[in-house]
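# Examination of the molecular architecture
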Amino acid sequence: AAGESVLFLTRELGILPALVRLRRRFRDRLTIIHETHDFFASLDHVASPSLTDRRKRWCERHVLPRIDGVLCITPEQEGLYRTALPGVETFYSPLGCLDPVAPEDGGYRRRSAAYVGHLHSQKGINLLVKVAPVFAEHDITLQVYGGYPEQISKLEAKVEKLGAAGAVRFFPFMPPAALHEQLHESAGAFLCPLKETYYNRNLTCPVKALDALAHCVPTIASDLPSTRAVLGDSAVYVEPEKVSAFAQATVELFGDADRYSGLAGAAQARAQELRWPQRAQSIADWVGGLPRG
């Protein structure tokens, strides 16, 4: 109302109809961008769509064409929107990375692999339990950051039953500052064992992969488009859900100092490319070039 130009960028799909109505009053001054972390314009990939899914599909198909653009977080996601809604302006930009800080000791001699995130089966937590005995045999410590105490208790019991309790350390959810301090001091590599699902393949930008880049250490990751889009040349890619492949890749990584160093250097370089300021600038450049009206 004061005559200023406003950019409204939101992840909340439900607010878009109200914004579209508001723009009727301020068409030349209000730009609306939706950053999507899912995909509802088509439900062909959903076996049994819920009423909520159908409402979101209606909203995406009828409201997204009336805003200025859709910001996607994976290349595959952008492709899905371009196919389902060919008239909508789209742009791909992965989530941002913290400023990279390399370990003072290089990380290689730590012989520790970190997992960060929720303790869900789709994130690969069951695989982590199964690789623990192999890690124990090769003096590699598995550090699991995330989850609630009751979840951790169940996982600790499973690891103990496998005889690998000494090889695994569990840490419940903690504030980001404390998490990154701990990772900086102890993480020698990261594990990103995403299961092979439609969502993990096409729609997720794994934050745990961005954490690995920020700490300038290699990652052993499920070979999916979503992980490759973030990690680039800084990771060892293995078949999703294959326990032996993850275990072997981790053991081999800590047995090859030159390869480790090359991957760590690639992680630091990739982190520089994905820093939050670079992401903000790329989005600003895209928005600045969008057609109005």
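What this report covers is the structure whose coordinates are included nearby. Not measured: the values here are computed from a predicted model. (Residues numbered from 1 in each chain as written. Predicted model: local features only at pLDDT ≥ 70, side-chain atom pairs only at ≥ 80, totals over all residues. Heavy atoms only, no water.)

Scanning the model with the defined rule gives 9 salt bridges in all. Among the salt bridges present, the one from Arg-201 reaches Glu-196, with a minimum N-O distance of 2.7 Å. Note that Lys-242 and Glu-239 form a salt bridge whose closest N and O atoms lie 4.0 Å from each other. Its relative accessible area of 38% is what places Lys-242 among the partly exposed residues. For Glu-239, a relative accessible area of 49% translates into the label partly exposed. (Salt bridge = Lys/Arg side-chain N within 4 Å of Asp/Glu carboxyl O. Buried < 20%, exposed > 50% of the residue type's maximum accessible area, 1.4 Å probe, protein only.)

With that out of the way, let us pick up helix H12 (residues 276-288). Here H12 contains 13 residues, and its C-alpha end-to-end distance of 18 Å stays within 8% of the 18 Å for a straight helix at 1.5 Å per residue. By the burial criterion, the buried members of H12 are Arg-279, Ile-283, Trp-286 and Val-287. With its buried residues spanning 95° around the axis, H12 presents them on a single face. Facing away from the buried side of H12 by over 90 degrees, the exposed positions are Asp-285 and Gly-288. Buried residues along H12 sit against strand E1 (6-10), strand E2 (30-35), strand E3 (69-72) and strand E4 (90-92). (Helix = DSSP H or I, 4+ residues; strand = E, 2+ residues; numbered from the N terminus. Expected span 1.5 Å × (residues − 1). Arc of directions from axis to C-beta. Contact = heavy atoms within 4.5 Å.)

Turning our eyes to something else, we now look at the sheet that holds E1. Two strands in a sheet stick together by hydrogen bonds in their backbones, pointing the same way (parallel) or opposite ways (antiparallel). What the 4 strands build is an open sheet, ordered E1-E2-E3-E4; its pairing is parallel. Every interior strand has two partners, whereas the edge strands, E1 and E4, have only one. When the angles between neighbouring strand axes are averaged without regard to direction, this sheet yields 25°. Across the sheet, helix H1 (residues 16-23) is in contact with E1 and E2; its angle to E2 comes to roughly 165°. (Pairing = 2+ DSSP bridges. Axes fitted to C-alpha atoms, helices over the stretch in contact; angles between N-to-C directions.)

Let us now look at a nonpolar patch on the surface. On the surface, Val-6, Phe-8 and Ile-15 cluster together to form a nonpolar patch covering roughly 210 Å² of accessible area. Tracing the sequence through the fold places Phe-8 in strand E1. Look at Phe-8 and you get partly exposed, because its relative accessible area is 30%. (Patch = residues over 30% accessible without salt bridge, like charges linked within 9 Å, V, L, I, M, F, W, Y side chains within 5 Å. Areas by Shrake-Rupley, 256 points an atom, 1.4 Å probe, with all protein chains shown as cover.)

Glancing now at the packing of helix H4 (residues 125-137) against helix H10 (residues 243-253). Across the interface, H4 lies against H10 with an axial gap of 9 Å and an inter-helix angle of 45°. By the criterion of interaxial angle, the relationship of H4 to H10 is oblique. Of the two elements, H4 crosses H10, and the hand of that crossing is right-handed. When H4 is examined against H10, the residues Leu-127, Lys-130, Val-131, Val-134 and Phe-135 are found in contact with a partner set consisting of Val-243, Phe-246, Ala-247, Thr-250 and Val-251. Of the residues belonging to the contact of H4 with H10, the class tally is 8 nonpolar, 1 polar and 1 charged. (Parallel < 35°, antiparallel > 145°, perpendicular 65-115°, else oblique. Left-handed = near helix turned anticlockwise from the far one by under 90°. Nonpolar A, V, L, I, M, F, W, Y, C, P; charged D, E, K, R; others polar.)

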